[in-house]
Amino acid sequence: MALRFPVLVRQAGLAQALAFVQSRGKEEHKRLGDDLAQVLGYQGLKDLAEAAREAELLAYLRLTREVLQAAEWFKRFAQALIEEAE
């Protein structure tokens, strides 16, 4: 999910991508969401998703940018781990 999440945010939007991660029900997806939330100073995925849904436009755009920056870092880290395992 770490590899696909940045693309999901760009295609569907932040609020929809976070709702998707919440609804998947897989522990790995929720852990990624919780990790992203923690990096950005939120208590968890639920709080981050709520902030995205309730944000005004400029705050939403800033939050999207911040989430994408963190998600890209997670993606690079996951790629490095995958390459190392191979």
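Just so you know, the residues in each chain are numbered from 1, in the order the chain's sequence is written. Side-chain atom pairs in this predicted model are given and counted only at pLDDT of 80 or more, local residue features only at pLDDT of at least 70, and totals for whole chains, interfaces and linings cover all residues. Derived side-chain values reflect all non-hydrogen atoms in the structure, with water molecules and hydrogen atoms excluded from consideration.

### Focus on a negative patch on the surface
By definition, no residue in a patch forms a salt bridge, and every one has over 30% relative accessible area; like charges are joined within 9 Å, nonpolar side chains (Val, Leu, Ile, Met, Phe, Trp, Tyr) within 5 Å. Values of accessible area rely on a 1.4 Å probe in the Shrake-Rupley scheme; residue burial ignores everything except the protein chains shown. A pair is scored as a salt bridge if a Lys or Arg side-chain nitrogen falls within 4 Å of a carboxyl oxygen belonging to Asp or Glu. Positive charge is attributed to Lys and Arg, negative charge to Asp and Glu, and no charge count is given to His or to the chain ends. A single reference atom marks each charge: NZ on Lys, CZ on Arg, CG on Asp, CD on Glu. Judged by side-chain charge, E27, E28, D34 and D35 come together as a negatively charged surface patch. The way it works is that DSSP assigns letters per residue, a run of H or I at least four long becomes a helix, a run of E at least two long becomes a strand, and they are numbered from the N terminus. Along the polypeptide, E28 turns up in helix α3 (residues 27–39).

### Some points on the packing of aromatic side chains
Note on aromatic pairs: the rings of Phe, Tyr and Trp (six-membered ring only in Trp) are paired at centre separations within 6.5 Å, and the planes decide the class, stacked below 30 degrees, edge-to-face beyond 60, tilted for the rest. In total, this model carries two aromatic pairs according to the counting rule given. Between W73 and F74 the ring centres are 5.7 Å apart and the planes differ by 75°, which places this aromatic pair in the edge-to-face class. A ring pair is formed by W73 and F77, whose centres lie 5.5 Å apart and whose planes are at 5°; its orientation type is stacked. One end of the pair is W73 and the other is F77, both in helix α5 (residues 57–85) and four residues apart, which spans about a single turn. One aromatic cluster is present, built from ring pairs that chain together W73, F74 and F77.

### Observations regarding the nonpolar core
Nonpolar core, defined: a set of buried Ala, Val, Leu, Ile, Met, Phe, Trp, Tyr and Cys residues in which side-chain atoms within 4.5 Å join the residues together. In this scheme, a residue with accessible area under 20% of its type's maximum is buried, one over 50% is exposed, and one in between is partly exposed, where area comes from a 1.4 Å probe on protein chains only. Formed by 24 residues in total, the largest nonpolar core has its most connected members in F5, L14, L18, L32, L36, L48 and L63. Taken together, the elements giving at least two residues each to this core come down to α1 (5–12), α2 (14–24), α3, α4 (45–54) and α5. The element best represented in this core is α5, accounting for eight residues. Contacts: residue pairs with any heavy atoms within 4.5 Å of one another. Beyond its immediate sequence surroundings of up to four residues, L14 is in contact with V9, A52, Y60, L63, T64 and V67.

### Regarding a nonpolar patch on the surface
On the surface, L57, L58 and L61 cluster together into a nonpolar patch covering about 340 Å² of accessible area. Take L61: it is sitting in helix α5. A relative accessible area of 43% means that L61 is categorised as partly exposed.

### Let's talk about α4
If you check which residues of α4 are buried, you get L45, L48, A49, A51 and A52. Relative to the axis of α4, the buried residues are bounded by an arc of 160° and lie together on one face. Summarising the geometry of α4, the exposed residues directed more than 90 degrees from the buried face are K46, R53 and E54. The arc in question is the one spanned by the directions pointing from the helix axis to the C-beta atoms.

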